[in-house]
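# Working through the structure, step by step
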Amino acid sequence: MDSSGRIRLVGLDGIRGLAALFVVLHHSYLMAFPGFPETHAPAWTGFLLYGHFAVVVFIVLSGFSLAVSPARNGWRLDSKAKFARRRAWRILPPYWPALVFSLIIAWTLVPQPGEGVPTGKSVVLYGFLLQDVFGSPSPNGAFWSIAVEAQLYFVFPLMLLALRRAGAAVMLGVTTAVVVLIGALAPHVSVVDALTRFTPQFAALFAAGVVAAGIVSAQEKWHRVRWQWWAFAAVVPVIALIVVMGPVWTTSNFLWVDLAAGPAVALLLVAVATRQPKPLVRLLDTAPMRSLGSFSYSLYLTHAPIVVVAYTFVVGPLFGTGLGAFGVMLLICVPVTVAFARGFAALFEIPFVKHRSWAALKGSVAAKPKIEEPVPATE
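## Focus: the packing of aromatic side chains
- Under the counting rule described, the total for this entry stands at 18 aromatic pairs.
- Consider the rings of Phe-33 and Phe-326, whose centres lie 6.0 Å apart with planes at 50°: the pair is tilted. Of the two residues, Phe-33 is situated in the loop between helix 1 (12-32) and helix 2 (52-71) and Phe-326 in helix 14 (residues 323-348); the sequence distance between them amounts to 293 residues. Taken individually, Phe-33 and Phe-326 each receive the classification buried, so the pair is uniform in this respect.
- Centroid distance Tyr-126 to Phe-143: 6.4 Å. Interplanar angle 45°. Geometry classified as tilted. Taken as a pair, Tyr-126 in helix 4 (residues 120-127) and Phe-143 in the loop between helix 4 and helix 5 (144-166) lie far apart in primary sequence, 17 residues in all.

## Considering the side chain of Ser-62
- Along the chain, the position of Ser-62 falls in helix 2.
- Non-local contacts of Ser-62, meaning those with residues more than four positions away in its chain, are made with Glu-149, Tyr-153 and Phe-206.

## Let's talk about helix 8 (residues 201-216)
- Over its 16 residues, helix 8 extends 23 Å from the first C-alpha to the last, a length consistent with the 22 Å expected when each residue adds 1.5 Å.
- Across the 16 residues of helix 8, 15 count as buried, placing the element largely inside the fold.

## A closer look at the pattern of salt bridges
- A complete count under the given rule lists 2 salt bridges for this structure.
- Between Arg-16 and Asp-13 there is a salt bridge, and its shortest N-O distance comes to 2.8 Å. Separated by 3 residues within a single helix, Arg-16 and Asp-13 lie in helix 1, roughly one turn from each other.
- Salt-bridge contacts for Arg-90 lead to Glu-349; the nearest nitrogen and oxygen are separated by 2.9 Å. One end of the pair, Arg-90, is in helix 3 (residues 80-108); the other, Glu-349, is in the loop between helix 14 and helix 15 (350-354), with 259 residues separating them in the sequence.

## Quick notes on unusual backbone geometry
- With an omega of 5°, the peptide bond running from Phe-36 to Pro-37 counts as cis.
- Along the polypeptide, Pro-37 turns up in the loop between helix 1 and helix 2.
- The phi angle at Thr-199 is positive, at roughly 45°, despite the residue not being glycine.
- Structurally, Thr-199 can be placed in the loop between helix 7 (190-195) and helix 8.

## So, a positive patch on the surface
- A contiguous patch of positive charge, built from Arg-76, Lys-80, Arg-164 and Arg-165, is present on the exposed surface.
- Structurally, Arg-165 can be placed in helix 5.
- Overall, Arg-165 belongs to the exposed group, its relative accessible area being 70%.

## Focus on the nonpolar core
- Leu-12, Phe-64, Tyr-95, Phe-156, Phe-202, Phe-206 and Val-210 are the most contacted members of the largest nonpolar core, which has 102 residues in total.
- Top contributing element to this core by residue count: helix 2, with 14 residues.
- Sequence-distant contacts of Phe-202, defined by excluding residues within four places in its chain, comprise His-52, Val-55, Val-56, Ile-59, Trp-144, Val-148, Leu-152 and Asp-258.

## A short note on the environment of Asp-258
- Position of Asp-258 among the secondary structure elements: in helix 10 (residues 254-273).
- Separated by 102 residues in the primary sequence, Asp-258 and Phe-156 place their C-alpha atoms 19 Å from one another.

## A look at helix 6 (residues 168-185)
- Its 18 residues give helix 6 an end-to-end C-alpha distance of 26 Å, which sits within 8% of 26 Å, the value for a rise of 1.5 Å per residue.
- Among all positions of helix 6, only Met-171, Thr-175, Val-179, Ile-182 and Gly-183 are buried. Each buried residue of helix 6 lies within a common arc of 100° when the element is viewed along its axis, so the set occupies one face. Exposed and oriented more than 90 degrees from the buried face of helix 6 are Ala-169 and Leu-181.
- Buried residues along helix 6 sit against helix 5, helix 7, helix 8 and helix 10.

## Describing the side chain of Thr-274
- Along the chain, Thr-274 turns up in the loop between helix 10 and helix 11 (278-284).
- Of note is the side chain of Thr-274, whose polar atom sits 3.1 Å from the side chain of Gln-276.
- Excluding residues within four positions of it along the chain, Thr-274 makes contact with His-223 and Trp-227.

What counts, and at which threshold
Residues numbered from 1 in each chain as written. Predicted model: local features only at pLDDT ≥ 70, side-chain atom pairs only at ≥ 80, totals over all residues. Heavy atoms only, no water. Phe/Tyr/Trp six-rings, centres within 6.5 Å; stacked < 30°, edge-to-face > 60°. Helix = DSSP H or I, 4+ residues; strand = E, 2+ residues; numbered from the N terminus. Buried < 20%, exposed > 50% of the residue type's maximum accessible area, 1.4 Å probe, protein only. Contact = heavy atoms within 4.5 Å. Expected span 1.5 Å × (residues − 1). Salt bridge = Lys/Arg side-chain N within 4 Å of Asp/Glu carboxyl O. Patch = residues over 30% accessible without salt bridge, like charges linked within 9 Å, V, L, I, M, F, W, Y side chains within 5 Å. Areas by Shrake-Rupley, 256 points an atom, 1.4 Å probe, with all protein chains shown as cover. Lys, Arg positive; Asp, Glu negative; His and termini not counted. Charge placed at Lys NZ, Arg CZ, Asp CG, Glu CD. Core = buried A, V, L, I, M, F, W, Y, C linked by side-chain atoms within 4.5 Å. Arc of directions from axis to C-beta. Polar contact = N/O pair within 3.5 Å; in protein donor to acceptor, adjacent residues only side chain to side chain.

And the structure:
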C-alpha cells in the first residue's frame with residue numbers, strides 16, 4: 001500500500017501488453033499457416049491458434065480495472081454520466097483514427113482475409129460500434145471485440161447495483177446462469193442463437209473481473225491467500241480440455257471454454273495485484289512491460305492491417321506458407337507493429353489518457369508528443 005492506504009496495482013499493464021502482443025503473433029501465425037482452425041502447423045506452435053483467449057484476458061482485466069475504484073467506494077460510481085464520458089474519452093479517440101487507417105489499407109492495398117472490401121455500411125456500423133449487431137465487411141479483424149467491450153460498459157452499472165443489493169456471489173452467479181442458459185438453448189432456439197453473435201460469455205468474464213477487484217480491495221487477510229496456486233489449479237483443466245479436444249472442437253465451443261477460462265484469469269489478476277508470485281510481478285512491472293502496456297490498446301487496434309500487408313506484399317510472394325514464412329512474419333511484424341503502435345499512441349491514445357478533458361488537452365497541444373508512464377490500472 002502507499003501512504004494513503006491505497007493498493008498500488010502493479011503488473012497489470014504488463015499483462016495487457018503481453019496479451020496485445022500475443023494477438024499480433026496469432027494473426028501473423030494465421031497468415032503463415034492458413035486454414036484456421038486446422039492449419040497443419042507444427043504441434044509445438046499450436047498455442048498460437050488461440051488468440052481469442054487474449055481477448056478473454058482483456059475482458060476480465062477490463063471488468064477488474066473498472067471495478068477497483070467502485071469496490072473501494074461501496075460499489076458505487078461517482079456519476080453514471082461521468083463514467084460514460086470517461087469511457088468514451090478513453091476508447092474512441094484511438095479507435096476512430098485506427099478505423100480510418102484500416103479503411104484506407106483495405107480500400108487501397110488489401111482487405112482483411114476472408115472479407116470483402118469495406119462498404120459505406122461498414123463505415124457506419126464500425127464507426128458507431130455496431131459491428132456485432134449487423135453484418136458488413138470488416139476493415140480490421142481485431143475490431144469485433146471493441147463493440148463488445150463498449151456494450152459491457154452499459155451493463156457495468158447494473159452489475160454494481162446487483163453487488164450492492166445482493167452481493168458478489170449472486171451477481172456473478174446470475175450473470176453466469178444467463179449465459180449458460182443462452183448457450184444451452186442456442187442450438188435449439190433460433191432467436192436465442194442470434195444472441196450468440198454478441199459473445200454473451202464475455203458478460204460473465206467481465207463480471208468475474210469485477211468480483212476479483214472486490215477481493216483485491218477487501219480486507220488484508222485475503223491478500224495472504226496464495227492466489228497464484230488457485231489460478232494454476234483453475235487453468236490446468238482448461239488447458240487439458242483444449243489439448244484433448246483439439247482446435248476444431250475448441251473454436252466451435254468458445255462460449256463454454258471461455259466460461260471455464262474466466263475464473264483462472266480472474267484469479268491470476270488477483271494474484272498479480274496482490275504481488276504474487278513475486279518473480280512474475282517483477283517481470284510484469286519492468287519498464288519494457290509497463291511501456292508495452294501503455295500503448296497496448298493502440299497495438300491491438302492497428303496491427304491487423306499491417307500484418308496482412310506484410311504477408312500479401314512481402315512474405316507470401318517470397319516465402320509462401322509454413323514455418324519459414326512464419327519466422328519472417330515475426331521478424332517483420334513484431335517490430336513494425338510495435339513501433340507503429342507506439343507512434344500512433346503518442347498521437348491518439350496517450351494524450352487522452354493523460355488529459356481527461358478538452359480544456360486540459362488543448363493546454364498541452366504545444367508539448368511534444370511522447371509515450372508517458374502508463375496510468376495505474378485503477379483508472
